[in-house]
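One letter stands for each residue in the lines below.
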Amino acid sequence: MTTTNLTVAVLGPGGVGGLIGGLLARAGHRVICLAGEETAATLNRDGLRIESTQYGNFTAEVKADTELREPVDAVVVTVKQTTLDQALDRVPAPVLGDALVIPLLNGLDHVAVLRERYRSAKVVAGTIKVEATRTAPGCISHTSPFAHLELAAPLDEFADRLRHAGLGVTLRTDETAMLWDKLAFLAPFALLTTRHRTDVGTVRTDRRPELLAVLDEITAVAQAAGTPVTTDTVLSFFDRAPHAMKSSMQRDAEAGRPLELDAIGGAVLRAGAAHGIETPATARLVAEVARQSNRED
Ligand SMILES: NC(=O)c1ccc[n+]([C@@H]2O[C@H](COP(=O)([O-])OP(=O)(O)OC[C@H]3O[C@@H](n4cnc5c(N)ncnc54)[C@H](OP(=O)(O)O)[C@@H]3O)[C@@H](O)[C@H]2O)c1
């Protein structure tokens, strides 16, 4: 990373990737969005259009392509887990070389997939707290008053560039703890709101025994994985969350889109099995959400 301005590829310029790509391009970095033909053509013609309560409304010029064809400093991976395998075909390992690869997907298991596929690259696990929605190809609505990344590596220089573009960044030293901090809240939130087709406020009042059972299981798995997260910590997130808050899994279910059920619920069940922790309440929820989503296909 020798130049002042970076070249960053965004694989999946949707809610998360579009916002990051738009902010980086606005800050003067070269952004290459990797997407399907239609979205790539739209982006080359119209750029990324961001509507944001935090950053204002702006259009950022970006290059878009269906495949990575040139060296970059970093690739930010922001497709959903349900399309990850197909999307990675757009990033050939020899072209990527030793660039940074920063996945911001929810879940755990994609990190190992990327490390296996891109052995010469530096894959740095990341998470993002944000609410951003792709309303049309290349059009992003950012509705949270924050967009905050956590990256599990000492990437000071890269983090400074992101901060300069307007993003919040925290550098973490423990990848597993970082991923579990997010999943321990997200998994019960996504599974319960999707299963019961309701908001977090209703879950924490009307479904509290089930919420507590699931939190106990998930935090036990997180602790076995080496993360000091407790039921009380996660419960306090639930109790402080705005009553009407919905999960993106629930919004995907309502819209009939594929769910990141395996990345979020499946990851908890696999980790539980690996550590010998029983997870019956979580397994029941995962099965029920899967059944609901199959019925709605
Ligand atoms: N959105 C949020 O607020 C938020 C917050 C935290 C974490 N996350 C996590 O971030 C990840 C991304 O979520 P998102 O909400 O940004 O998803 P999204 O809005 O659906 O965006 C996904 C993007 O991937 C593109 N895509 C799909 N298949 C592709 C392929 N084969 N090749 C290249 N691009 C492809 C889509 O292209 P088209 O535009 O052509 O459809 C879309 O632009 C998920 O793991 C999610 O859980 C999201």
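Conventions and cut-offs
Residues numbered from 1 in each chain as written. Predicted model: local features only at pLDDT ≥ 70, side-chain atom pairs only at ≥ 80, totals over all residues. Heavy atoms only, no water. UniProt positions renumbered as here; feature names shortened; annotations may be inferred. Disulfide = S-S within 2.5 Å. Buried < 20%, exposed > 50% of the residue type's maximum accessible area, 1.4 Å probe, protein only. Domains from an automatic or database assignment. Contact = heavy atoms within 4.5 Å. Buried area = accessible area lost by both parts, 1.4 Å probe. Salt bridge = Lys/Arg side-chain N within 4 Å of Asp/Glu carboxyl O. Polar contact = N/O pair within 3.5 Å; in protein donor to acceptor, adjacent residues only side chain to side chain.

The name given to the chain in an unreviewed UniProt entry is 2-dehydropantoate 2-reductase, and the organism recorded there is Streptomyces violascens. The heading Function (unreviewed entry) in the UniProt record of the chain holds the text "Catalyzes the NADPH-dependent reduction of ketopantoate into pantoic acid." Entered under Pathway (unreviewed entry) in the UniProt record, the comment concerning the chain runs "Cofactor biosynthesis; (R)-pantothenate biosynthesis; (R)-pantoate from 3-methyl-2-oxobutanoate: step 2/2."

### Let's talk about the state of the cysteines
Scanning the entire structure with this criterion turns up 0 disulfides. Take Cys 33: it sits in no disulfide, and the sulfur closest to it among the cysteines is that of Cys 139, at 12 Å. The class of Cys 33 is buried, set by a relative accessible area of 0%. Looking at Cys 139, the relative accessible area reads 21%, which means it is partly exposed.

### Overview of the domain arrangement of the chain
Partitioning the chain into structural domains gives domain 1 (7–173) and domain 2 (176–295). For domain 1 and domain 2, the distance between their C-alpha centres works out to 25 Å. Contacts between the two partners involve 16 residues from domain 1 and, on the opposite side, 17 residues from domain 2. Sorting the residues of domain 1 by area buried against domain 2 places Gln 81, Asn 106 and Leu 108 first, and these three jointly supply 36% of that buried surface. For the pair domain 1 and domain 2, the interface holds 3 salt bridges. Of the charged contacts, one joins Asp 181 and Arg 172 as a salt bridge, the two residues approaching to 2.9 Å between their closest N and O atoms. Our enumeration of links across domain 1 and domain 2 arrives at 7 residue pairs in polar contact (both at pLDDT 80 or more).

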